[in-house]
Structure formats: structure tokens, C-alpha cells
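Here's the letter readout for the chains.
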Amino acid sequence: MSLLRIFFSSAVFSFKAQFSWLYPPMWLAMKLVMPLSQMSFFVFVGQFLITTGNASADIVAYIAIGNAMTVLSWNTIFSVINITSHDKWDGTLPLVLATPAHRLPLFVGRAMIHVFDGMLSVAISFVYAVFLFGVNFGNTDILALIVVVFLTAFTMAGFGLLIGGFSFYFRNPLVFANIFTFVLLIFCGVNFPVQDLPQPIQFISYIFPLTYGIDAGRKVISGSTLIDIAPLLGQMLIVGFISIVLGYVFFRSFEHVARKTGRLEAV
Amino acid sequence: MPQTLRVIYSAFRMAMLHWIADPQWVIPNVIAPFVFTFVALTLFKEATGPFGLYAVLGGGMMGMWGNTLYSSGFAIEFEKWQGTLEEVVATPSNLLHVIAGKSISNALFGLTNMAAILLIASLVFRVPLDVANPILFALSIVLTLISVSALGLIFASAFVLTRSAQVFTNGLEFPIYVISGSMFPIGLLPFWVHPASYILGPTWGIEAIRIAAGQENVSLTFWLNVGVMLLITLAYVALAAFLFKKVETKSRRDGTLGQA
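Reading the values: rules and limits
Residues numbered from 1 in each chain as written. Chains lettered and ligands numbered in written order. Predicted model: local features only at pLDDT ≥ 70, side-chain atom pairs only at ≥ 80, totals over all residues. Helix = DSSP H or I, 4+ residues; strand = E, 2+ residues; numbered from the N terminus. Rg over C-alpha atoms; globule rule 2.2 N^0.38 Å. Buried ≥ 20, exposed ≤ 12 C-beta atoms within 10 Å, placed from the backbone. Contact = placed C-beta atoms within 7 Å. Nonpolar A, V, L, I, M, F, W, Y, C, P; charged D, E, K, R; others polar. Expected span 1.5 Å × (residues − 1). pLDDT = per-residue confidence, 0-100. Core = buried A, V, L, I, M, F, W, Y, C linked by C-beta atoms within 7 Å. Axes fitted to C-alpha atoms, helices over the stretch in contact; angles between N-to-C directions. Parallel < 35°, antiparallel > 145°, perpendicular 65-115°, else oblique. Left-handed = near helix turned anticlockwise from the far one by under 90°.

For chain A, the helix and strand inventory stands at eleven helices and zero strands. Put simply, chain A runs from its N terminus to its C terminus through helices and strands in the order α-α-α-α-α-α-α-α-α-α-α. Its C-alpha radius of gyration of 19 Å places chain A within 12% of the 18 Å reference for a compact globule of 267 residues. Across its three principal directions, the C-alpha atoms of chain A cover 60 × 40 × 35 Å. Counting every position in chain A, which comprises 267 residues, the buried fraction comes to 47%. Of all intrachain contacts in chain A linking residues separated by at least 6 positions in sequence, the fraction that spans at least 24 positions is 84%.

Structure follows, in C-alpha cells:
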């Protein structure tokens, strides 16, 4: 019960904490503007190819869905890493680490609310995809799509925790947040298939849960069922689980080093 | 040294020192433009036409804009975090001169941005970059950079009043990439977006850069683009000066600068 309480209070507090530096209307505005602008940019690049006869019309749906799924990385990577960053800036990190609370629910709980926030971002993006770019959701099993989006957000939050745990000891974790948010655009099959990447670097794509999530999302939208995409989801869960475990190990070991060297608030 | 120049130089020097001390400049300067160019070049790799030019020059322009936003947004945010914004505003120096000094340092980094993209495209992606008119190409890049920096000044004035400058910085990146048609012709955008495109200096700037890269004897369109961009840039500077005066007065009157 105590572990559950720590989990939920961590989740709620980490979400509330972002409003210390972000007005709620601004949060809402960003939620509406950012997915639209990112998706529009790449869709128009795709349309440039279509109008010059260099791509088929399918590319619009491909890019729109890829970018719609990717917006959750802002929540699950950027916001999750930002938790540690803000704890450092606000001087609350020593207090968090001084509590006797079990670290695992504290660690995972802080990321959980961003999973749901990320799902909301994806839902908004899908609305844009349908109404602005004409993506067809007629064959989509909505329940299966919700499962895919939830699992993608959850496993990506695990990946965010991994990077967050790794960057715990560094002066400015946001650098890592920014780098990884951008790098996903290259490796995760967002705008082009992973197979279009140079062969020697294709394996990198498969360490990101988002790669499996985007693939699964596209398949469900085009009519596949949960059973059809079960292997993909299984792979994604394995990668996500490994990320959480590694992230937790990093978090604990860096916490230990930071305590030992007195560099807890190395900002 | 005249006082105005001394203020601009000091702000420039401080901004350069901050840039060196804080590694985050790598993101708008190198990582983001590299990623966008990589994605665009991969999308365009089978295409025939002027796509390499669009991808590379667009990537460079996007880097300049990302860099400007980052520096104008974070310049203010950083002062807030350090608790020095009140002191900066309270000094008898004009706030616009302080921000101008920061913007010049940003412009210098912006140039390295475009150079980095051209270098990466040429060495990593083997994109042929034969610039037809190097002098006008360089001129149009510098003028676009000035225009982008002037636009950044307008945003910087608003950033003084908000505690969400960092969010604005992230949120304004893509909309400008889209509206200015950095990697595609603005004709593809819905017609109701066109007015917004035409009041952006970078829209005209990127077109001038493309013309100078592709034509040895540039057409009248090049000069039209440059002329309109200059007029827009002057309007940006005038508007920024007006806004900074307003913001400064409001900040001093309300006394809520640090809490904003």
C-alpha cells in the first residue's frame, strides 16, 4: 500500500511541478501547436515530393502517422528527463533523495503521468491527421490503437527513465533530452522506413521502443488486429522493460556516486 | 568607446562566455539542423530535381532560426534563473542594446550553423553544392541572418514578460520552419497561411539564397526578395525597439519581473 501511495504521489507531484514554470494555458497551447507544426512540416516536405512526381500519395499518411506517434517522445523523454533537471534547479533533489521512500515506485511513478499526457498528445495529433491531412482511420480497431499508443508511451517513458538515470550525474540533463528527442526522427521510421537508413546503422533503430510502436500503429490504422501485431508489441515491451531496469540501475548507482562525492546538485 | 557600443560589446562578450560555458548550443547549432537535413535528404534521395538544394539550404536556414530562438529565449530565461534579470533591466543602459549585443553573438554562431550544414551535406551526404553566384549567395545568407536575428529581438521582448520563454523556444521552432517554407515552396501551404509567410523575413531570405545558389546571373526576383526582406527587417527592428521600451516601462512599474 505504501509503495502504491509513493507511486501515485510521485506521479501527481511530477505533473503538478511542471506548472511552477509553465502556465496551464501555455501547456495547452503547446499541446495543440507542437504536434500540428511538426506533422505539417514533414507532411509538406512529403507533398513537395508528390507534386513533383517523386512519391505516391501514400507518403502523406505514412508521415502523418509517424509524426503523430512521435509527439509522445516530448512527454516521455523530454518531460521525464526534465524532472531530474528541475529538481536540480529548484534545489529539491537532496530532499527527494533524503526521503526513506522506496526508489522504484518513486522512480517509475514520476514518469507515469507523462505516459497519459503523451497519449493525449498522440490523440490530438491523430485528429490533425484525419481532418487536415485526410488520413483514413476507417479500418482501424480503436481499442487496439489505444493499446498500442499506451504501450508505446509506457515503454518510451522507460527509455526516458534510462536516459534520465544516465544523465542524473550530469550538469544539465536537458542536453540529453533534446538530443534524444531529435535523434528519434532519424532512427524510428518516423518519416521513412528504417530500411532506408544506411545498413550499418539500422540496428540502432531497434533499441528505441518507438520504432516498434510506430510500426504497430501504422499496421493497426491500416486494419491489423492486436493478434497480428502481438510480436511487435512483445519486442517493444522487452526493450522497454530492459530500459526501465537499466535506468533504475543507473539512477541508483549515480545516486550513490553523487552522495559519495557530494555532487548531488551538480548544476 | 561610446557608451552604446560599450554596452553592446559587454553583452556580446557575456553571451559568448555563456555559450562556451553551457554546451546546450550544440542542440540548435549542430544536432537539430543535422537531423532535419538528414531526414530531408533521406526522403529526397531517390528524387530528381532541386531537392538537395532545398534540403541543405533549408536545413541551414532552420539552424539559424533555431539558434536565434534558443539564444533570445534562453538569454532571458538564463538571466531569470541566475537572478540577474532585475539588475540588467535596472541598469541605466538601454535593454535593447543589451539584447542587441547578445543577438550579435547569436548571429556569429548562426553563421557557423549554415557552414556546418553545408559541410555535413557535402562530406557526409555527398550532395553537390555548386553555388552559381558565391558573392550574392554569401550576401543573401548574411542578410537573412540579420533578418532572423531581428525577428528574434521581437520574441525576446515578449520573453521578458513570461516565465514560459523556454516553452516558447521549443514551440516556435517548427511553426516558423513551416510558414517560411524552409524546405518546400510556400505555394504548397494553404492560401490562408500565405499572409503569415509573407511577413516573415526568412521566407524571402531563403528564396534569395536559393536563387543565388542556382543562378549565376541572378534575375530581378533575387533583388525583389532581398529588398522586401530588408524592409521587413527594418520593420522588425522598429517594432522590437518599441516593444522593448514598453516591456521595460511595464517591468519597472509593476515590479514583477523576477516572478514573471
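The helix and strand inventory of chain B stands at eleven helices and zero strands. When its helices and strands are written in sequence order, chain B yields α-α-α-α-α-α-α-α-α-α-α. Counted over contacts in chain B with a minimum sequence separation of 6, partners at least 24 positions apart contribute 81%.

Moving on, we get to the interface of chain A and chain B. Counting from both sides, the interface comprises 32 residues of chain A and, opposite them, 29 residues of chain B. When contributions to the side of chain A that touches chain B are tallied by element, the ones reaching two or more residues are helix H2 (24–51) and helix H8 (174–187) of chain A. Here the side of chain A that touches chain B gets 14 residues from one element, more than from any other, and that element is H2 of chain A. Each residue belonging to the side of chain A that touches chain B can be placed in one class, and the counts come to 21 nonpolar, ten polar and one charged.

When the terminal C-alpha atoms of H2 of chain A are compared, their 40 Å separation across 28 residues agrees well with the 40 Å that a helix rising 1.5 Å per residue should span. Gly-53 of chain A sits one or two residues past H2 of chain A and shows a positive phi near 75 degrees.

Attention now goes to the confidence of the model for chain B. All names here are of chain B. Of the residues in chain B, 89% reach a pLDDT of 70 or more, and the chain-wide mean stands at 81. Mean pLDDT across the elements of chain B bottoms out in helix H7 (residues 165–171) (67) and peaks in helix H9 (residues 194–198) (94). Among the scores for the predicted complex, ipTM is 0.83 and pTM is 0.86.

Let us look at the nonpolar core. If you look at soluble globular proteins, the nonpolar side chains tend to sit buried side by side. One finds Val-45, Ala-64, Ile-65, Ala-68, Ile-77 and Ala-129 of chain A together with Ala-40 of chain B to be the most contacted residues of the largest nonpolar core, which totals 152 residues. Counting residues per element, this core draws most heavily on helix H6 (residues 134–161) of chain B, at 14 residues. Each residue touching Val-45 of chain A, except ones within four places of it in the same chain, is listed here: Ala-40, Leu-43, Met-183 and Phe-184 of chain B.

All names here are of chain B. The interhelical angle for the contact between helix H1 (residues 3–21) and helix H5 (residues 95–123), taken along N-to-C directions, is 50 degrees, at an axis separation of 7 Å. What the angle tells us is that H1 and H5 run oblique. At the point where H1 passes H5, the crossing takes the right-handed sense. Side by side, H1 and H5 meet where Thr-4, Val-7, Ile-8, Tyr-9, Ser-10, Ala-11, Phe-12, Ala-15, Met-16 and Trp-19 of the first sit next to His-97, Val-98, Ala-100, Gly-101, Lys-102, Ile-104, Ser-105 and Phe-109 of the second. Looking at the contact of H1 with H5 residue by residue, the classes come out as twelve nonpolar, five polar and one charged.

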